[in-house]
Amino acid sequence: MKQQRPYPALQISTKAERSIKNGHPWVYGEETRLLRGTPEDGGLVDVFAGNAWMGTGFYNSRSKIAVRLLSRNANDVFDPAFWARRVGYAVDYRRTVMPGEDFLCCRLVHGEADQLPGLTVDRYGDLLSVQILSLGMERVRDTVLRALVERLAELGQPVQGVYLRNDVALREREGMEQEKGWWPGMPHPDSPVTEITENGVRYLVDVENGQKTGFFLDQKYNRQAVARLSAGKRVLDCFTHTGSFGLNAARGGAERVLSVDISDTAIQMARENARRNGLNNIEFQTADVFRLLTDLCAAKCRDFDFVILDPPAFTKSRDTVDRAAAGYKEINIRAMKLLPRGGYLATCSCSHFMSEGDFRHMLREAARDAGVSLRQIEARQQGPDHPILWNVPETAYLKFYLFQVV
């Protein structure tokens, strides 16, 4: 090597070089070539294409993603000041795109989209819920979280506790143990349950036991869009989880709302959320949505003029995309058949592997098979606190459409 750098050096393939030059921060294991030095898993490596230095990143020989680039600035030193700058950029961005009350309940760090690979931080008022999915980030965890807590304190918004939601299987494939519990770097409250307000709707959020980090923040503005269409409507809210879309529809003036989920635990929390908001125009039912939609279609039900489909990710790998597409198509056909002419449909997919093109193709086929035409009202994505890097397609995952059936 002509250029000497302070970290072990990793040569990469031409394909990986092209990807990095196009702005993607990952190097896959099969794209690595020669090593100089002995990098530690979770440590830093310098990445080279020939004699050209391409950047510095976290290394992990046990991961499918061998390197997650942190910087392409040769002058960067990865000390506490570096991590404080990165955290500061992420926080300041949210203050701009999620101003006022929205900043109190939002995603503060969105992994690679904030150049903090493998780190997710969601803010629920004065609690932070954290998930770490890369070994390198795990090794600098305390430095990064301390910087985040200090930055919020500087803004006059002190944190009362940080909860670690590292209870996901992906950590084991990265060489880490699963765990959850309060971060020991600061005091914490007795309870992991807090109350948030989103779009004027109050929710209880359990950062210990709730799905993901406690609540799905990415649909905030999509829920607002549903609320605007709901006045006077009879709404069927499918896969409601803890009631968020249904509650927004009810608060938006729906004549009545039926919210359905297969999890009785989720339904119980949804009922409690309705009670907290004083909403009497919403009911809840524990049921398998696939079976319910099938039964309603068979009965030629005409009780609803607005159907909301917010299913969990039907695929978490490319290998199951076709099967997932069939599942999405099935529920969308049934929803379209339930709706009268002039009815409204909200439908979405939260799987990155179900691409925008695949999802749109599925919707066209579903409309054809249901014998309806769709008039698009809006095409939306995740909120801006879950930013999308155009050079990193993995950061774009949520597809959300509003239609009128004509």
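These numbers come from a predicted model, not from an experiment.

Chemist: How would you sum up the overall build of the protein chain? Please name residues and give values.
Modeler: Counting secondary structure elements, the protein chain contains eleven helices and 20 strands. For 406 residues, the compact-globule formula gives about 22 Å, and the C-alpha radius of gyration of the protein chain, at 23 Å, lands near that figure. C-alpha atoms of the protein chain, sized along the principal axes, occupy 75 × 45 × 35 Å. Counting every position in the protein chain, which comprises 406 residues, the buried fraction comes to 54%. Long-range contacts, defined as pairs at least 24 residues apart, comprise 64% of the intrachain contacts of the protein chain with a sequence gap of at least 6. Summing over all exposed atoms, the protein chain offers an accessible surface of approximately 17,900 Å²; the carbon and sulfur share of this is 48%.

Chemist: Explain the packing of aromatic side chains to me, and be specific about the residues and the numbers.
Modeler: The final tally for this structure, using the stated rule, is 13 aromatic pairs. Each ring, one from tyrosine 203 and one from phenylalanine 215, has its centre 4.9 Å from the other, and the planes form 55°; the classification is tilted. One end of the pair, tyrosine 203, is in strand β13 (residues 201–206); the other, phenylalanine 215, is in the loop between β13 and α6 (220–229), with twelve residues separating them in the sequence. Assessed through its relative accessible area of 5%, phenylalanine 215 is described here as buried.

Chemist: Break down the pairing of strand β20 (residues 399–405) for me, citing the residues and quoting the values.
Modeler: The side chains of a regular strand alternate between both faces of the sheet. Along β20, seven of the seven residues are buried, which leaves the element largely enclosed by surrounding structure. By the alternation rule, side chains of β20 split into Lys399, Tyr401, Phe403 and Val405 and Phe400, Leu402 and Gln404, which are all buried. As judged from the six bridges shared by strand β19 (residues 374–380) and β20, these two strands associate in the antiparallel manner. Bridged to leucine 374 within β20 is valine 405.

Chemist: Before we move on, can you summarise the pairing of strand β16 (residues 282–286) with the specific residues and values?
Modeler: Pairing of strand β15 (residues 256–261) with β16, which is carried by five bridges, proceeds in the parallel orientation. Looking at the pairing, serine 259 lines up with phenylalanine 284 of β16. With respect to chirality, the unit in which β15 leads through helix α8 (residues 264–276) into the neighbouring parallel β16 is right-handed.

Chemist: Requested: an account of helix α10 (residues 321–338), with residues and values cited.
Modeler: Over its 18 residues, α10 runs 26 Å from end to end, which matches the ideal 26 Å to within 8%, given 1.5 Å per residue. Inspection of α10 places Val321, Ala324, Gly327, Tyr328, Lys329, Ile331, Asn332, Ile333, Ala335, Met336 and Leu338 among the buried residues, and these make up the whole buried set. Tucked into the core, α10 has its buried residues touching β14 (234–238), α9 (289–298), β17 (306–309), β18 (344–349), α11 (356–370) and β19.

Chemist: Can you lay out the side chain of serine 244 for me, pointing to particular residues and giving the numbers?
Modeler: Counting through the fold element by element, serine 244 comes out in helix α7 (residues 244–251). A distance of 3.2 Å separates polar atoms of two side chains, one belonging to serine 244 and the other to arginine 223. With residues near it in sequence (within four places) discarded, serine 244 still touches Tyr203, Phe215 and Arg223.

Chemist: Break down the sheet that holds strand β5 (residues 52–59) for me, with residues and values.
Modeler: An order of β2-β6-β5-β4-β1-β3 is seen for the six strands of this open sheet, with the pairing classed as mixed. At either margin of the open sheet sits one strand with a lone partner, and together these are β2 (26–28) and β3 (32–36). Averaged over all adjacent pairs, the angle separating strand axes in this sheet is 35°, with direction ignored. Across three bridges, the pairing between β2 and strand β6 (residues 65–71) is antiparallel. Within β6, the residue paired with tryptophan 26 across the bridge is arginine 68.

Chemist: Describe helix α2 (residues 80–97), with residues and values.
Modeler: When the terminal C-alpha atoms of α2 are compared, their 26 Å separation across 18 residues agrees well with the 26 Å that a helix rising 1.5 Å per residue should span. Of all the residues in α2, the buried ones are Phe82, Trp83, Arg86, Val87, Gly88, Ala90, Val91 and Arg94. Those residues of α2 that are buried are in contact with β5, β6, β7 (105–110), α3 (135–139) and α4 (141–154).

Chemist: I'd love a proper account of the packing of α9 against α10, names of residues and values included.
Modeler: In contact at an axis separation of 9 Å, α9 and α10 are set at 35° when each is read in the N-to-C sense. Crossing of α9 over α10 shows left-handed handedness. Counting all contacts with α9, which are made through Phe290, Leu293, Thr294, Leu296 and Cys297, the residues of α10 involved are Gly327, Glu330, Ile331, Arg334, Lys337 and Leu338. Across the contact of α9 with α10, the residue classes tally to six nonpolar, two polar and three charged.

Conventions and cut-offs
Residues numbered from 1 in each chain as written. Predicted model: local features only at pLDDT ≥ 70, side-chain atom pairs only at ≥ 80, totals over all residues. Heavy atoms only, no water. Helix = DSSP H or I, 4+ residues; strand = E, 2+ residues; numbered from the N terminus. Rg over C-alpha atoms; globule rule 2.2 N^0.38 Å. Buried < 20%, exposed > 50% of the residue type's maximum accessible area, 1.4 Å probe, protein only. Contact = heavy atoms within 4.5 Å. Areas by Shrake-Rupley, 256 points an atom, 1.4 Å probe, with all protein chains shown as cover. Phe/Tyr/Trp six-rings, centres within 6.5 Å; stacked < 30°, edge-to-face > 60°. Pairing = 2+ DSSP bridges. Right-handed = clockwise from strand over helix to strand, strands pointing away. Expected span 1.5 Å × (residues − 1). Polar contact = N/O pair within 3.5 Å; in protein donor to acceptor, adjacent residues only side chain to side chain. Axes fitted to C-alpha atoms, helices over the stretch in contact; angles between N-to-C directions. Left-handed = near helix turned anticlockwise from the far one by under 90°. Nonpolar A, V, L, I, M, F, W, Y, C, P; charged D, E, K, R; others polar.

Bear in mind that shape data such as this cannot, by itself, settle questions of function.
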